Amino acid sequence: MENVNGYELLSVIIPVRVSSDREYVLSNLKRQLAEANGVKLVNFLVVDSGSNEHYSKIIKSICKSHNVTYLFHDTRGETLAIGAARDFGAQYAMSDIVMFMDVDLVWDSTFYEKVVDEIRLRKMTEYINSFFLVPCFYLSENGSTEFLEIDRKLAFFQVRRWHEYQTFGKIDSYAPSTSVAVVNRAHYLTLGGHRKEFYGHGCEDFELIHRLAANFPKFSRPKNYYLNKGNYESIEYEGFRTLFGLYGEIAMRSSLFLIHIWHPRPNKGAYHGSMHRNKKLLTDLMMKYDQDKIGPSPLADLNLKKKTLILGVKGDQSWLSIRQILPYLGEVEYRSEFTFNSTEEFKNFLVGNNIVRLFFWNPYGNETRLQLYKWAKNSNFPFIVFERGALPDSWFIDETGFNADSSKYHHQNWQHIQGDVLDETSFYIDNLIECGNTLEANGARLGKELLRENLDKQYRIGNKKVLFIPFQRPSDTVIKYFSGDIGGYAQFCELVTNVQRKLDPNEWVVLAKKHPLETQRPIVGSEVIFVEDDTHIYDLLSLADKTLLMNSGVGVLAMLFKTPVCYVSDSFYGIEGVNKKASNLDEVMTFINEPQSVDWQKVLQFVAYLKNDFYSFASASTYLRKEDDGSLRSITEKLNFTEIKQLTSSPLFFQYDFTEVPWNSKAYGEFLPSVIHTLKNKNTSSVNQTDGNHGASQSVITNKKIKDNSLKSRSFKQRLERKSLKLIREPLNFFRDAIR
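Overview of the pattern of salt bridges
- The tally for this structure, following the rule as stated, stands at 31 salt bridges.
- Between Glu146 and Lys170 there is a salt bridge, with the nearest N and O atoms lying 2.5 Å from each other. With a gap of 24 residues between them, Glu146 in helix H5 (residues 141-149) and Lys170 in the loop between helix H6 (152-165) and strand S8 (171-175) connect regions that are remote in the sequence.
- The class for Lys170 is buried, based on a relative accessible area of 12%.
- Residue Arg211 pairs with Glu207 through a salt bridge whose shortest N-O separation is 2.7 Å. Of the two residues, Arg211 and Glu207 are both situated in helix H8 (residues 204-215); the distance of four residues between them amounts to about one turn of the helix. Comparing Arg211 with Glu207, the two get one shared label, buried.
- Members of the salt-bridge network, linked through shared partners, are Arg195, Glu197, Glu207 and Arg211.

Right under this line is the structure:
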């Protein structure tokens with residue numbers, strides 16, 4: 001666990017800016033780095049955020065003498081943004097966990113050992129949403145003097161005693177919630193770090209903790225959550241500070257805390273003068289995040305030293321949903337494919353902006369994007385394709401192509417797989433079938449026997465053999481560009497009709513299912529029986545004797561049921577001995593009439609390769625959008641990845657901790673009576689439903705509602721904008737639709 005990515009477990013980031021009225025920072029830095037020498041599993045990064053050249057040289061020299069990484073964050077002439085400096089350090093850190101440290105703070109001799117122990121106990125390299133805060137005692141001038149004169153070990157005990165006994169004049173304040181956060185680096189980069197809207201002093205830490213807590217919902221939200229009470233003295237569970245403090249109090253129970261030594265406050269300037277503005281901004285941004293769950297753009301991993309062009313518009317839902325992937329692309333630039341008038345202009349843009357790689361979400365999405373994709377492929381310009389895979393919850397990242405034009409599925413990539421991996425894959429397949437997880441929404445499982453019984457009551461199918469036809473969407477990319485010899489969707493419908501007419505009706509029945517997102521059934525012969533729209537695909541595949549399709553992902557699912565498949569279009573899963581390609585009616589009839597078998601060894605090898613070596617996996621939060629033609633489109637709002645493959649030298653594995661602390665737990669500490677009292681006074685809602693929020697635990701949900709995107713649902717301005725955009729992008733289709 002300590003060296004998950006080959007480096008130390010923890011990177012401690014210390015942002016500094018030294019000026020003539022803040023020279024004490026230099027002595028504090030020297031003290032901290034001297035005390036950091038020899039700490040195991042921890043490295044330190046000092047971020048010099050805009051100190052002038054004179055002080056930068058001194059800081060760099062101090063770092064060099066202690067063998068600590070020095071990073072210069074070029075913000076000279078700008079108001080200090082401490083959050084941006086911390087982000088800069090996190091982007092260059094090479095450890096799994098990052099920690100932000102204030103240069104004014106003092107720790108005890110076992111501090112980092114306790115931090116590492118806490119990281120281990122929480123399994124933070126695995127459960128990436130976990131985080132904790134380190135509390136801090138802010139000593140008075142008198143308390144600081146006494147603290148520094150006492151033996152260091154005894155001094156920390158003394159501070160706790162001062163706090164517990166409320167000794168007058170020693171402690172200015174105690175903060176269980178501080179900027180000293182310990183966070184999984186991958187998760188931090190995904191969240192986007194601190195918001196750039198803040199500048200100067202105050203509140204940027206609270207907004208970050210708000211997002212961290214929303215994604216790690218250990219505690220119920222207090223009443224009047226958005227209230228900023230300004231201190232931590234109250235025992236009433238009210239306002240966001242009380243919630244944030246609980247993420248630090250757990251560390252305090254492990255004697256994990258820091259001391260802030262008093263120092264003269266510099267004259268208030270732009271840095272401290274922005275507090276009032278920042279407080280108002282904090283409330284607005286917290287409410288906004290609770291509403292849309294959209295934070296700042298993910299931070300790039302700057303160690304990658306690559307710049308990737310994403311073909312799309314920054315802020316579009318597609319890119320918001322794959323936040324976890326974006327940091328691993330290095331620095332990113334966004335440009336719509338429609339920005340470029342020619343391939344030559346595109347090439348010049350790549351060179352002029354030092355772009356070394358392209359990122360496509362479905363390169364066949366429109367003709368303009370397709371032309372750029374073809375240029376990249378023919379020119380051997382590096383690219384990445386991202387799209388949904390054929391197994392439930394799977395997504396692929398492919399640097400060779402898209403589906404049938406990719407080399408990733410070739411036999412040589414998986415033919416060598418043998419041994420225990422195949423046994424594990426067989427177990428995976430059994431579990432997948434049993435749990436009923438699918439690519440699209442389906443109804444409840446019935447089982448093939450009950451399904452046959454129900455169909456027999458309605459259609460008298462008896463014990464006839466079943467040819468199953470899973471129809472795809474006519475607008476699917478793979479239909480438009482990979483239809484192959486069959487010609488297209490209409491031709492496939494005609495083929496299905498002719499197949500049904502040639503089959504012996506006493507021996508065979510043809511069952512079909514329309515795509516779940518289509519509103520109209522395909523036009524085929526009247527003897528083709530369409531099952532109920534919510535019939536589970538697994539029941540149909542287990543019932544089917546043979547399956548005929550174009551190139552649907554159902555072809556992969558059919559393998560899991562050992563159902564022989566005939567595909568008539570270009571497909572990525574064509575495997576000799578597992579399925580068969582047909583180009584015309586005669587070949588399809590030969591497939592149906594002759595005995596077929598499925599080579600189970602090859603199925604296991606292929607699925608093992610997809611699951612273990614190629615596919616990434618993520619659970620998706622989606623909603624359905626109604627289009628102009630009445631059809632539905634599934635829109636991905638967010639992906640929570642558990643595995644990311646093909647972007648790094650080794651796969652990335654993520655888990656999430658969403659377990660909540662019970663409301664009657666002692667973890668609520670002094671707030672427990674308040675929590676219980678509040679709970680008893682709420683008959684219809686729990687503590688975490690205050691302010692119209694349903695608790696941080698419900699921060700990630702699947703939105704099932706349908707959003708109407710048809711023209712009639714839009715304002716005149718929206719319709720005009722959409723039509724104008726269509727005229728620019730697709731002039732032929734614009735005029736064709738206009739005269740219909």
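Don't stop here, the text continues.
A closer look at the pairing of strand S9 (residues 181-184)
- Neither face of S9 is left uncovered, since the one carrying Ala181 and Val183 and the one carrying Val182 and Asn184 both have all their residues buried.
- One ladder, built from three bridges, connects strand S4 (residues 97-100) with S9; its direction is antiparallel. Pairing of Ile97 across the sheet is with Asn184, part of S9.
- Pairing between strand S6 (residues 131-133) and S9: three bridges, direction antiparallel. Counterpart to Phe132 in the pairing with S9 is Val182.

Observations regarding helix H14 (residues 367-379)
- Compared with the 18 Å implied by 1.5 Å per residue over 13 residues, the 18 Å span of H14 between its first and last C-alpha is a close match.
- Taken as a whole, H14 has its buried residues at Arg369, Leu370, Leu372, Tyr373, Trp375 and Ala376.
- Each element contacted by the buried residues of H14 is listed here: strand S11 (307-311), helix H13 (343-352), strand S13 (357-361), strand S14 (383-388) and helix H17 (477-481).
- One or two positions beyond H14, positive phi appears at Asn380, with a value near 60°.

Side note on the pairing of strand S2 (residues 42-49)
- Among the eight residues in S2, eight count as buried, and that is most of the element.
- Across the two faces of S2 the burial is the same, with Val42, Phe44, Val46 and Asp48 and Asn43, Leu45, Val47 and Ser49 all buried.
- Where strand S1 (residues 10-16) lies against S2, seven bridges are found, and the strand directions are parallel. Bridge assignment links Pro15 to a residue of S2, and that residue is Val47.
- Following the chain from S1 across helix H1 (residues 24-36) to the adjacent parallel S2, one finds a crossover that is right-handed.
- Here S2 runs beside strand S3 (residues 69-73); their pairing, made up of five bridges, is parallel. When the sheet's bridge partners are listed, Val47 is paired in S3 with Leu71.

Examining the environment of Phe654
- Note that Phe654 resides in the loop between strand S24 (652-653) and helix H23 (672-680).
- Spatially, the C-alpha atoms of Phe654 and Asn640 are 8.9 Å apart, while their sequence positions differ by 14 residues.
- Those residues in contact with Phe654, other than ones at most four positions away along the chain, are Glu126, Ile128, Ala186, Gln324, Tyr328, Phe641, Thr642 and Ile644.

Some remarks on the side chain of Asn362
- Counting through the fold element by element, Asn362 comes out in the loop between S13 and H14.
- Accessibility expressed as a relative area gives 11% for Asn362, which makes it buried.
- Among the polar contacts made by the side chain of Asn362, one reaches the side chain of Thr477 at a distance of 2.9 Å.
- When sequence neighbours within four positions are dropped, the list of residues in contact with Asn362 reads Arg369, Phe386, Glu387, Phe402 and Thr477.

A few points about unusual backbone geometry
- In this model, Leu41 sits at a positive phi of 65°, which is unusual for a non-glycine residue.
- Tracing the backbone shows Leu41 in the loop between H1 and S2.
- Relative accessible area serves as the criterion here: at 25%, Leu41 is assigned to the partly exposed category.
- Positive phi is not limited to glycine here, since Asn403 has a value of about 50°.

A closer look at helix H16 (residues 448-459)
- Here H16 spans 16 Å end to end across twelve residues, near enough to the 16 Å set by a 1.5 Å rise per residue.
- Packed against the buried residues of H16 are strand S16 (465-470), strand S17 (508-513) and helix H19 (537-543).

Regarding the environment of Gly83
- Within the secondary structure layout, Gly83 lies in helix H3 (residues 82-92).
- The exposure class assigned to Gly83 is buried, which follows from its relative accessible area of 4%.
- For the pair Gly83 and Gly193, spaced 110 residues apart in sequence, the C-alpha separation works out to 7.7 Å.
- If sequence neighbours within four positions are ignored, Gly83 has contacts with His194 and Glu204.

Parameters at a glance
- Residues numbered from 1 in each chain as written.
- Predicted model: local features only at pLDDT ≥ 70, side-chain atom pairs only at ≥ 80, totals over all residues.
- Heavy atoms only, no water.
- Salt bridge = Lys/Arg side-chain N within 4 Å of Asp/Glu carboxyl O.
- Helix = DSSP H or I, 4+ residues; strand = E, 2+ residues; numbered from the N terminus.
- Buried < 20%, exposed > 50% of the residue type's maximum accessible area, 1.4 Å probe, protein only.
- Pairing = 2+ DSSP bridges.
- Expected span 1.5 Å × (residues − 1).
- Contact = heavy atoms within 4.5 Å.
- Right-handed = clockwise from strand over helix to strand, strands pointing away.
- Polar contact = N/O pair within 3.5 Å; in protein donor to acceptor, adjacent residues only side chain to side chain.

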